[in-house]
Amino acid sequence: MADQTAVTQGRVARIVRVGLGVIVGVGFVYLAMRNVRLDEVVTLLAGATLAPLLLAVLAFVADFFLRAVRFWMMLQSTSGRDLPLRLTIGPFIASFGMSDVLPLRVGDAFRILWFSRQFSIPAGTVMGTMLVERILDLVTIAFLGGVALAMLDLKAPPALVWNFQLLLVIALAGGSTLLFAPALLCRLLERFFNRVKFAPVVVVIAALKAASQAVRQISSWRSLVTLTIMSLALWLLESVVFLGAWVSLGGAIDVLMKPFLAFAFSTLGTLVPSLPGHFGPFEFFGLQAFALAGVETGIAAAVVLLAHLILWAPTALFGVGWLMFAASRAPDATRRAQNAD
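Since the structure is predicted, the reported quantities are computational estimates derived from the model, not experimental observations.

**Student:** I tried to follow the overall build of the protein on my own but got confused; where do I start?
**Tutor:** When helices and strands are counted, the protein shows 14 helices and zero strands. Its helices and strands taken in sequence order, the protein reads α-α-α-α-α-α-α-α-α-α-α-α-α-α from the N to the C terminus. Burial statistics for the protein: of 341 residues in total, 45% are counted as buried. Partitioning the contacts of the protein with sequence separation of at least 6, the portion at a separation of at least 24 is 76%. Only carbon and sulfur atoms are counted for the fraction: they give 70% of the accessible area of the protein, which is about 17,400 Å².

**Student:** Hey, could you run me through the environment of Ile112 in this one?
**Tutor:** Residue placement: Ile112 occurs in helix α5 (residues 106–118). It is 5.9 Å that separates the C-alpha atoms of Ile112 and Ala123, two residues lying 11 residues apart in sequence. Those residues within four positions of Ile112 in sequence are excluded, and the remaining contacts are Ala123, Val126, Met127 and Met130.

**Student:** Got a minute to help me understand the pattern of salt bridges in this structure?
**Tutor:** For side chains of opposite charge, pairing can occur when their charged atoms come near one another. Applying the stated rule across the entire model yields 10 salt bridges. A salt bridge links Asp137 to Arg70; its shortest N-O distance comes to 2.8 Å. Taken together, the residues Asp137 in helix α6 (residues 123–151) and Arg70 in helix α3 (residues 50–79) connect sequence positions 67 residues apart. The buried category is assigned to Asp137, whose relative accessible area is 10%. Its relative accessible area of 0% is what places Arg70 among the buried residues. A salt bridge links Glu133 to Arg111; its shortest N-O distance comes to 3.0 Å. Taken as a pair, Glu133 in helix α6 and Arg111 in helix α5 lie far apart in primary sequence, 22 residues in all. Residue Glu133 shares its accessibility class with Arg111, and that shared class is buried.

**Student:** Is there a simple way to think about unusual backbone geometry in this case?
**Tutor:** If a residue is not glycine, its phi is most likely negative; likewise, a peptide bond is most likely trans. Of note in the backbone geometry, Arg105 takes a positive phi value of approximately 50 degrees without being a glycine. Along the chain, Arg105 turns up in the loop between α4 (86–101) and α5. The phi dihedral of His278 is positive, around 65 degrees, even though this residue is not glycine. Looking at the element boundaries, His278 is found in the loop between α11 (257–269) and α12 (281–292).

**Student:** I keep staring at the packing of aromatic side chains and nothing clicks. Help me out?
**Tutor:** Any two aromatic rings considered together are summarised by their centre-to-centre distance and by the angle between their planes. Following the criterion strictly, the structure yields 19 aromatic pairs and no others. When the centroid spacing of 5.0 Å and the interplanar angle of 90 degrees are considered together, the rings of Phe64 and Phe96 count as edge-to-face. Highlighted residues: Phe64 in helix α3 and Phe96 in helix α4, separated in sequence by 32 residues. Judged by relative accessible area, Phe64 falls into the buried class, the value being 9%. On the numbers, 6.1 Å between centres and 50 degrees between planes, the contact of Trp235 with Phe263 is tilted. Here Trp235 is found in helix α10 (residues 221–248), whereas its partner Phe263 is found in helix α11, with 28 residues between them in sequence. A relative accessible area of 0% means that Phe263 is categorised as buried. One aromatic cluster is present, built from ring pairs that chain together Phe60, Phe64, Phe71, Phe92, Phe96, Phe115 and Phe119.

**Student:** Help me understand the packing of α3 against α10 in this model?
**Tutor:** Axis angle and axis distance: for two packed helices, these are the angle between their axes and the distance between the axes, and together they describe the pair. Remark: α3 packs on α10, axes separated minimally by 8 Å, with the N-to-C direction vectors making an angle of 160 degrees. When the axis of α3 is compared with that of α10, the two are roughly antiparallel. Taken as a pair, α3 and α10 cross one another with a handedness that is left-handed. Of the residues that constitute the contact of α3 with α10, the class distribution is 21 nonpolar, three polar and four charged.

**Student:** It is not clear to me how the side chain of Glu238 should be interpreted in this structure. Could you clarify?
**Tutor:** Here Glu238 is to be found in helix α10. Using a relative accessible area of 9% as the deciding quantity, one classes Glu238 as buried. Those residues in contact with Glu238, other than ones at most four positions away along the chain, are Phe60, Asp63, Arg67, Phe263 and Leu311.

**Student:** Sorry if this is basic, but what is going on with a nonpolar patch on the surface here?
**Tutor:** On the surface, Val101, Leu102, Leu104, Val106, Val320, Met324 and Phe325 cluster together to form a nonpolar patch covering roughly 570 Å² of accessible area. Top element by residues in the nonpolar patch is helix α13 (residues 297–325). It accounts for three residues. Given a relative accessible area of 55%, Met324 falls into the exposed group.

The rules behind each value
- Residues numbered from 1 in each chain as written.
- Predicted model: local features only at pLDDT ≥ 70, side-chain atom pairs only at ≥ 80, totals over all residues.
- Heavy atoms only, no water.
- Helix = DSSP H or I, 4+ residues; strand = E, 2+ residues; numbered from the N terminus.
- Buried < 20%, exposed > 50% of the residue type's maximum accessible area, 1.4 Å probe, protein only.
- Contact = heavy atoms within 4.5 Å.
- Areas by Shrake-Rupley, 256 points an atom, 1.4 Å probe, with all protein chains shown as cover.
- Salt bridge = Lys/Arg side-chain N within 4 Å of Asp/Glu carboxyl O.
- Phe/Tyr/Trp six-rings, centres within 6.5 Å; stacked < 30°, edge-to-face > 60°.
- Axes fitted to C-alpha atoms, helices over the stretch in contact; angles between N-to-C directions.
- Parallel < 35°, antiparallel > 145°, perpendicular 65-115°, else oblique.
- Left-handed = near helix turned anticlockwise from the far one by under 90°.
- Nonpolar A, V, L, I, M, F, W, Y, C, P; charged D, E, K, R; others polar.
- Patch = residues over 30% accessible without salt bridge, like charges linked within 9 Å, V, L, I, M, F, W, Y side chains within 5 Å.

In structure tokens:
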């Protein structure tokens, strides 16, 4: 009876999470697009030039390859295992594609399950590695957003600029604390919520413990610095998607910091739970950043939508294709690699 109750509660919780994601995503889509003239956006998109978009796609491919290499390096450190890189890249990218088309960030659960089963690594180790990966991304993108904000001569009201600065400071400070002192934060939460058994608190504490263990297993500040440099490189590669969309739609090359700022805040917007593929918050925060930089709404919306399509479509298609054609053969390949070791 208790097991059946737990199953029912789990189903209800998933339905509630999906429902909230849909509501939040649709709400952000409305807020982002309510002042956008779609006919103007369509006209701008129809006039896009191809060469900058090809460069954007190539940069995105390089970005994801570097992401896969970074995850492989981290997972080797946290698991203490020599892992085959060629068997890591496919499922790693596919996990992002799954989250792009399915709710509840299914790709994250898939990645934990896949790498745990195929390489006999504890699920907690894979989860901790993924958490450190996400924290590195948060710190890096907040830093790059701060650089862009500092380099732009903004004409917006000071209060609006201050709100953007505050968001970046919170993201950078929170991410740095999670990255460099997760164990301390975990102890503070455990002491503060010592007698609280509220499920989200328990989940957060468990996640912090996993991240703390992963940071310890990475073992050195030098490794963290190397991973941070890799994170800067891959996010700069991903920013080329926004820059390519901007140039393709006629944006001036001498003001590339404007689309770079929109890229940073659109990416931070993906932290908000929403629709699969982060539709809604991605557009809203990107358009707000463009407005802060003084970019007209029509061109801003066209750039954000075109960039989002480039960021979404390749991984979504790869995820579906990998599941259809590669997943069934991957376990045999993994076993052969392990036997060869």
